[in-house]
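Each chain is listed here by its residues.
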Protein chains: 2
Amino acid sequence: MLNVIGYSAAGPHDKLKPHRFTCEDPRAIDVQIEVMYCGVCHSDIHQVKNEWSNTVYPCMPGHEVVGRVAAIGSGVTRHKVGDIVGVGCMIDSCRACEACLAGEQNYCIGPNSWLATYNGPMVPAAKAPNGRNSYERDNTFGGYATAIVVKEDFVLKIPHNLAPEKAAPILCAGVTTYSPFKHWGVKPGDHVGIIGYGGLGNMAAKIAKALGATVTVFTTSADKRSLAEAAGAERAILENDEKTLASLAGTFDFILSTVPTKHDVNPFVALLKRDRTLVIVGALEVMEPTNNMPVAFKRRSIAGSLIGSIAETQEVLDFCAEHDVTPDIEIIPIDRINEAYERVEQGDVRFRYVIDMGSLRTASE
Amino acid sequence: MLNVIGYSAAGPHDKLKPHRFTCEDPRAIDVQIEVMYCGVCHSDIHQVKNEWSNTVYPCMPGHEVVGRVAAIGSGVTRHKVGDIVGVGCMIDSCRACEACLAGEQNYCIGPNSWLATYNGPMVPAAKAPNGRNSYERDNTFGGYATAIVVKEDFVLKIPHNLAPEKAAPILCAGVTTYSPFKHWGVKPGDHVGIIGYGGLGNMAAKIAKALGATVTVFTTSADKRSLAEAAGAERAILENDEKTLASLAGTFDFILSTVPTKHDVNPFVALLKRDRTLVIVGALEVMEPTNNMPVAFKRRSIAGSLIGSIAETQEVLDFCAEHDVTPDIEIIPIDRINEAYERVEQGDVRFRYVIDMGSLRTASE
């Protein structure tokens, strides 16, 4: 048994607090990872606060996990002790449905869908002699912890030329934006719009530019305009600048909405060319109503996309390493996590918090 | 000058009434058509009542027009006097934009978009000597009339083995449903859903079946279930039958919504397989809000589509002739048009009214 310490919330109105627990030793195909860094995703906050009505408590978030392999099971061949590796949003899937067989684990339609890195149902490694689950918990615990144990084929390789702390947000924010760019065929010369400029928007703008697109960022925050342009956007526009929006009608090949809460996409639908798509990845909730008139008049589509596959996650890590694409981050110790949540909710982070998990080991020693 | 009689509305609250007007003689590329039949589309009602806020009065509807060529201009080569021909929703387009050059006139992005068969801006054939438009009206008049004059390349050929009165609804209802089936690649063996079973739904179900799909119709009307099944649907389901809907989750390759007014597509989004699309062709207005969670979790899309191109209109006419696909219609004389509108609005037509324009000629003689 492995003794681990992490930060969890006991209920939807509770702050995250230190939480000690034990973890079984790695099975044959497991990799035990000493967590170095973990990104703070807006989903962590949705989940901790039970905003998707499915949170099991205690809830220990974290699905942008980078660390060092501390131990491996006897059958592990992909990773070795000492490797710098990553874990994203998934740690398993059914492996048998058509989506899994197609390598799209993120769309697994097995009985339990894919297994979330945190807040997924706990799958026992073995039954205790009394037939009961030998674990002390019902749900998976994520990367806000000193260690995590994951099956080797859901563990990603972090390229050598990618700083571990910068790699962390690529594991969710990166692949969540890269996957729809690839699926909808964003290519050099395309005009790509990014709605919202937070953690996802920052990665999306950089990745789209590295794919050869001309990037326009739409933000509600005047001070983010210059930051987006400094990060490589051709231009950043205030979402309420109706005159500029009108001048851009029908000029976009692809638009990605990264806003994490309910919003109105109608002003952006009008910016798409004929037959093009606006994809919503940020808000997993009921949106403002859409007017089908401008959708139908240009045969446009409004779609959604969910993270990315394991192969795409490795691909975006390699792509970011090759093209020197990294998120803008602020590193914090774990004891500032509750304050960080407040600032994320206020859109006041530039642009992704990454927790230095060394701070937790130091504090607990 | 040609003396014509039709039925027009003088304002949004007025009934349609007989209206005499004159029409210039055909120019070199024009075809003058003696109208035999005209379908009654729900759009006619939206337009007459100014429900899209763009109606110019008097408004003479009708864009499912079938007739006999009565005269042709000197340069006309495609049609000859006596031919049975059709006119759909468009009578011209800019012919220069990328959509027109791609043969997709229905997505024309020229300065005035495509020219609608009725309620489009009147384009003068010639200026009167005083420099004023020589027409007595500002907007185009549709097929609720004894005659219509249209440029030859926007006139369709009605196949010999298609009854003229049955061909009329194919010119709008037919192509509006056929075009998205073709664009999104509906193929033999696909499971296709049709939401709403009125004029569009009736054509959609028959065309989808002729394309080789297995068709499920969703209706709010219990008595339409057996009619849809008789028309070729594998099954027809009441939209509020939550149990049956739940059993069909994730099983559809394509869903077409033909409901002509604002409605909730969320229960149907859940029925799509991964990566599939629900296309709204009926309602050109603000819809009920969509929940992006089920959209994103299966990378689904919600799209719109607008009628079809001239080439697709000819294609669907030929397809329907080849596969013996015809709409279920009720033929009415023109003096029953106001009553027919009320019944269309109540969903009480089985399934498309077609006006016998001979009734107008007889009455006016």
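Residues numbered from 1 in each chain as written. Chains lettered and ligands numbered in written order. Predicted model: local features only at pLDDT ≥ 70, side-chain atom pairs only at ≥ 80, totals over all residues.

(A) Highlighting the overall build of chain A. Scanning chain A for helices and strands turns up twelve helices and 17 strands. Considering only C-alpha atoms, chain A reaches an extent of 65 × 40 × 40 Å along its principal axes. Within chain A, the fraction of its 365 residues that count as buried is 51%. For chain A, long-range pairs separated by at least 24 residues make up 67% of all intrachain contacts whose partners lie at least 6 apart in sequence. (Helix = DSSP H or I, 4+ residues; strand = E, 2+ residues; numbered from the N terminus. Buried ≥ 20, exposed ≤ 12 C-beta atoms within 10 Å, placed from the backbone. Contact = placed C-beta atoms within 7 Å.)

(B) Layout of the nonpolar core. Of all hydrophobic cores here, the largest spans 228 residues; its most connected members are Ile194(A), Ala208(A), Ile355(A), Ile194(B), Ala208(B) and Ile355(B). Apart from residues lying up to four places away in sequence, Ile355(B) is in contact with Tyr37(B), Cys38(B), Val40(B), Tyr144(B), Ile332(B), Ile334(B) and Ile337(B). (Core = buried A, V, L, I, M, F, W, Y, C linked by C-beta atoms within 7 Å.)

(C) Seen up close, the environment of Ser8(A). Residues and elements named next belong to chain A. Among the secondary structure elements, Ser-8 is positioned in strand E1 (residues 2-8). C-alpha of Ser-8 to C-alpha of Tyr-57: the two residues are 49 residues apart in sequence and 8.4 Å apart in space. Setting aside residues no more than four positions away along its own chain, Ser-8 makes contact with Leu-16, Lys-17, His-19, Pro-58, Cys-59 and Met-60.

(D) Molecular detail of the pairing of strand E14 (residues 272-280) of chain A. Across five bridges, the pairing between strand E13 (residues 252-257) of chain A and E14(A) is parallel. Each bridged residue has a counterpart across the sheet, and for Ile255(A) the counterpart in E14(A) is Leu278(A). (Pairing = 2+ DSSP bridges.)

(E) Representation of the interface of chain A and chain B within the structure. Taken together, the contact between chain A and chain B spans 31 residues of the former and 31 residues of the latter. Element by element, the count of residues in the side of chain A that touches chain B is highest for helix H9 (residues 292-297) of chain A, at five residues. Here the residues of the side of chain A that touches chain B are counted per class, giving 17 nonpolar, eight polar and six charged. Pairing of strand E15 (residues 301-304) of chain A with strand E15 (residues 301-304) of chain B involves three bridges; the strand directions are antiparallel. Pairing of Ile302(A) across the sheet is with Ile302(B), part of E15(B). (Nonpolar A, V, L, I, M, F, W, Y, C, P; charged D, E, K, R; others polar.)

(F) Here's a closer look at the confidence of the model for chain A. Residues and elements named next belong to chain A. Chain-level pLDDT for chain A is 94 on average; 95% of the residues reach the 70-or-more range. In this model, residues 125-134 is a region of pLDDT below 50 whose contacts with residues beyond four sequence positions or in other chains number eight contacts. In the model output, the complex is listed with pTM 0.93 alongside ipTM 0.93. (pLDDT = per-residue confidence, 0-100.)

(G) Expanded view of helix H10 (residues 310-323) of chain B. Residues and elements named next belong to chain B. For H10, spanning 14 residues, the distance from its first C-alpha to its last is 20 Å, which sits close to the expected 20 Å at 1.5 Å a residue. Taken together, the buried positions of H10 are occupied by Ile-310, Glu-312, Thr-313, Val-316, Leu-317 and Cys-320. The buried residues of H10 occupy an angular sector of 165° when the element is viewed end-on, so they sit on one face. H10 presents Ala-311 and Glu-322 as exposed residues on the side facing more than 90 degrees away from its buried surface. Of the surrounding secondary structure, the elements contacted by the buried residues of H10 are strand E5 (84-87), strand E9 (156-157), helix H3 (164-167) and helix H4 (173-183). Positioned one or two residues after H10, Asp-324 has a phi angle of 55°, which is positive. (Expected span 1.5 Å × (residues − 1). Arc of directions from axis to C-beta.)

(H) Inspection of the packing of H4(B) against H10(B) at higher detail. Residues and elements named next belong to chain B. Viewed as axis vectors pointing N to C, H4 and H10 meet at an angle of 100°, and their least axial separation amounts to 9 Å. Considering the angle they form, H4 stands roughly perpendicular to H10. Touching Gly-174, Val-175, Tyr-178, Ser-179 and Lys-182 of H4 are Glu-312, Thr-313, Val-316, Phe-319 and Cys-320, all from H10. The residue inventory of the contact of H4 with H10, partitioned by class, reads five nonpolar, three polar and two charged. (Axes fitted to C-alpha atoms, helices over the stretch in contact; angles between N-to-C directions. Parallel < 35°, antiparallel > 145°, perpendicular 65-115°, else oblique.)

(I) Quick look at the relation of the copies chain A and chain B. For the match of chain A to chain B, the screw axis carries a shift of 0.0 Å, the RMSD comes to 0.0 Å, and the turn is 180°. Both copies are brought into coincidence by an operation consistent with a two-fold rotation axis. Considering only C-alpha atoms, the residue of chain A closest to the rotation axis is Pro289(A), which sits at 2.0 Å. Comparing interface residues between copies, 100% of those in chain A also sit at the interface in chain B, which points to an isologous, same-surface contact. (Least-squares fit on C-alpha atoms with pLDDT ≥ 70 in both.)

(J) Local environment of the domain arrangement of chain A. Residues and elements named next belong to chain A. On domain assignment, one finds that chain A holds domain 1 (2-172 + 327-364) and domain 2 (173-304). The straight-line distance from the C-alpha centre of domain 1 to that of domain 2 is 29 Å. The interface of domain 1 with domain 2 comprises 14 residues on the first partner and 13 residues on the second. In terms of residue class, the side of domain 1 that touches domain 2 is made up of eight nonpolar, three polar and three charged. (Domains from an automatic or database assignment.)

(K) Structural view of the environment of Asp92(A). Residue and element names in this part refer to chain A. Mapped onto the fold, Asp-92 is located in strand E6 (residues 90-92). In this structure, the C-alpha to C-alpha distance between Asp-92 and Lys-151, residues 59 residues apart in sequence, is 7.3 Å. Not counting the four nearest positions on each side in its chain, Asp-92 is found in contact with Trp-114, Leu-115, Lys-151 and Phe-154.

(L) Seen up close, the pairing of strand E4 (residues 65-72) of chain B. All names here are of chain B. Bridge count between strand E3 (residues 30-39) and E4: seven bridges; the pairing is antiparallel. Its bridge partner being in E4, Val-31 is matched across the sheet by Ile-72. Pairing of E4 with E5, which is carried by four bridges, proceeds in the antiparallel orientation. Pairing of Val-65 across the sheet is with Val-87, part of E5.

(M) Region of the structure containing unusual backbone geometry. The step from Tyr57(A) to Pro58(A) runs through a cis peptide bond, and the omega angle for that step is -5°. One non-glycine residue, Asp275(A), adopts positive backbone phi at about 65°. With 15 C-beta atoms counted inside 10 Å, the residue Asp275(A) sits in the partly exposed group. In this structure, Arg299(B) is a non-glycine residue whose phi angle is positive, near 50°.

(N) Broad picture of the sheet that holds strand E12 (residues 235-238) of chain B. A sheet is described by the order of its strands in space; here twelve strands give the open sequence E12(A)-E11(A)-E10(A)-E13(A)-E14(A)-E15(A)-E15(B)-E14(B)-E13(B)-E10(B)-E11(B)-E12(B), paired in mixed fashion. In the strand order of this sheet, the two ends are held by strand E12 (235-238) of chain A together with E12 of chain B, each with one partner. Across the sheet, the axes of successive neighbouring strands diverge by a mean angle of 20°, strand direction being ignored. Sheet analysis places strand E11 (residues 214-219) of chain A next to E12(A), joined by four bridges and oriented parallel. Note that in E12(A) the partner of Val217(A) across the bridge is Ala236(A).

(O) Examining the environment of His263(B) more closely. Residue and element names in this part refer to chain B. Mapped onto the elements of the fold, His-263 is located in the loop between strand E13 (252-257) and helix H8 (266-269). Between the C-alpha atoms of His-263 and Glu-285, which are 22 residues apart in sequence, the distance is 9.7 Å. Contact partners of His-263, with chain neighbours within four places excluded, come to Ala-283, Met-287 and Glu-288.

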